[in-house]
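Observations on the model geometry
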Amino acid sequence: MSSAARSKARTARGAGPGKAAGRDLVARGRRVLEQEAGAVAALAARLDARFADAVRLLVACRGRIVVSGVGKSGVIARKIAGTLTSTGTPATFLHAVDSVHGDLGIVGRDDAAILVSKSGETDELFGLVAVLKRLGVRIVAITGNPRSTLAKHADVALDAAVAAEACALDLAPTTSTTVALALGDALAIALFEAKGLAPADFARTHPGGALGRRLLLLVRDVMVTEQLPAIGPDATMRECVLLLAERRGTVAVVGPRRTVIGVVTAGDLTRLMERRPDFLDVPVREVMTRAPKLTRPGELASGAVNLMEKHGIMAMPVVDDAGRLVGVVHLHDLMRAGAA
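By convention here, each chain's residues receive numbers from 1 onward along its written sequence. Only residues with pLDDT of at least 70 are given local features in this predicted model, and only at 80 or more are side-chain atom pairs given and counted; all residues enter the totals for whole chains, interfaces and linings. Computation of side-chain values covers all heavy atoms of the structure but excludes hydrogens and water.

Describing the overall build of the protein
- A helix here means a DSSP run of H or I that spans at least four residues, while a strand means a run of E at least two residues long, and both kinds are numbered starting from the N terminus. When its secondary structure is counted, the protein shows 14 helices and 10 strands.
- Here the protein, with 340 residues, has 40% of them falling under the buried criterion.
- We call two residues in contact whenever any of their non-hydrogen atoms come within 4.5 Å of each other. In the protein, of all internal contacts separated by at least 6 residues, the share reaching a separation of at least 24 is 63%.
- Only the protein chains shown count as cover for residues, and the accessible areas themselves come from Shrake-Rupley with a 1.4 Å probe. In the structure as shown, the protein presents an accessible area of about 17,900 Å², 55% of it carried by carbon and sulfur atoms. A 1.4 Å probe rolled over the protein chains alone gives each residue an accessible area, and that area as a share of the maximum for its type sets the label: buried under 20%, exposed over 50%, partly exposed in between.

Here it is as structure tokens:
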């Protein structure tokens, strides 16, 4: 076969070079993404009271959540178990086959189960189902067939049906696993919120890495507490300029008992210089921002970063419950500490 013929054959199979082939591949990828996104949107539209029943069932669980599935559904089940655990609900993945060969010893009567199966007729699951029912473990099923055997044996059956897989042959689990995973995420987050868990609870299970730093780092861990740049409202800008130069461009204006009543920044000084040649003699009270953004020592550092980025400021006074100046926190220090 000539090289031209071979090139033509590759193009016909979708493997040939050129812009047309590239556009075709992009179109195929877009079709898959749109199909899966559409399936998740359809799932959200038909979510009903059974979802609330499932969340209440899981909230009432006094033990752990056992999550199981077979094949690709097993992969999704493992991810659901991980998401539950990381959001404050103890969970474990249990292989359906291994469960009936000794691993059922980890299941207790106070546990609950989430079983994932597209068809709801997976034979390997039914040995596990029988034991769960005998122990009185309540079952939430995530299945693409609400009339399946699994759905009938479950306490709550959640409909994860899809019109078709994204695979051109409608065989490879693609859209169905995406929908099951999204439904598992919805359960985990609804459960997290229904339990009223706080960021600190989430932080306890994520102490390491950048996420842990963001969740555990407080303003008090980063703020400057010595030689604080503070000045009274009756002082002149001549005095304030020195503090701005020495203390990184932000000065807190304090009243009686060192309560913060305003702030002056390098930007305020620049604007003043543009309109007043006698700027050094101007009282601080005429220049200061009277409703400054403040934070407290016990606030999450990531929250301080968000506030500073939102308002375009580089530093904030830190005050106690009485509004007294106890520190200053700088955006660069927060970023360096990993709060963003």
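Let us keep going from here.
Here's the deal with the pairing of strand S10 (residues 325–330)
- The buried fraction of S10 amounts to five of the six residues, a majority that puts the element mostly inside the structure.
- One ladder, built from five bridges, connects strand S9 (residues 315–319) with S10; its direction is antiparallel. Note on S10: the bridge partner recorded for Pro-317 is Val-328. Two strands qualify as a pair provided that DSSP identifies no fewer than 2 bridges between them.

A closer look at the pairing of strand S8 (residues 260–265)
- When strand S7 (residues 250–254) meets S8, the two strands line up antiparallel, connected through five bridges. Among the inter-strand pairings, Ala-252 is bridged to a residue of S8, identified as Val-263.
- Where S7 folds back on S8, the antiparallel hairpin that results is connected by five residues, among which Arg-257 adopts a positive phi of roughly 60°.

Observations regarding helix H4 (residues 72–86)
- The length a helix should cover is 1.5 Å for every residue beyond the first. Given a rise of 1.5 Å per residue, 15 residues ought to cover 21 Å, and the 21 Å separating the end C-alpha atoms of H4 matches this to within 8%.
- Three or more residues of H4 are buried, namely Ser-73, Gly-74, Ile-76, Ala-77, Ile-80, Ala-81, Thr-83 and Leu-84.
- On its buried face, H4 sits against strand S1 (65–69), strand S2 (91–93), strand S3 (112–117), strand S4 (138–143) and helix H8 (175–194).
- Remark: Gly-88 follows H4 within two positions and exhibits a positive phi of approximately 95°.

A word on the sheet that holds strand S5 (residues 156–159)
- Spatial strand order, S2-S1-S3-S4-S5: five strands in an open sheet with parallel pairing. Sheet topology places S2 and S5 at the edges, where each strand pairs with a single neighbour. When the angles between neighbouring strand axes are averaged without regard to direction, this sheet yields 20°.
- Note: S1 against S2, three bridges, orientation parallel. Paired with Val-67 across the strands is Phe-93, a residue of S2.
- Only the stretch in contact is used when fitting a helix axis, every axis being a line fitted to C-alpha atoms; angles between N-to-C directions are given from 0 to 180 degrees. Across the sheet, helix H3 (residues 49–59) is in contact with S1, S3, S4 and S5; its angle to S5 comes to roughly 135°.

Here we look at the side chain of Asp-159
- Relative to the assigned elements, Asp-159 resides in strand S5.
- A polar atom in the side chain of Asp-159 sits 3.1 Å from the side chain of Arg-46.
- Apart from residues lying up to four places away in sequence, Asp-159 is in contact with Leu-43, Arg-46, Arg-50, Thr-143, Pro-146 and Leu-183. Polar contact is defined as a pair of N or O atoms within 3.5 Å, subject to the rule that within protein one atom must be able to donate a hydrogen and the other to accept it, and that residues adjacent in sequence are counted only when both atoms are side-chain atoms.

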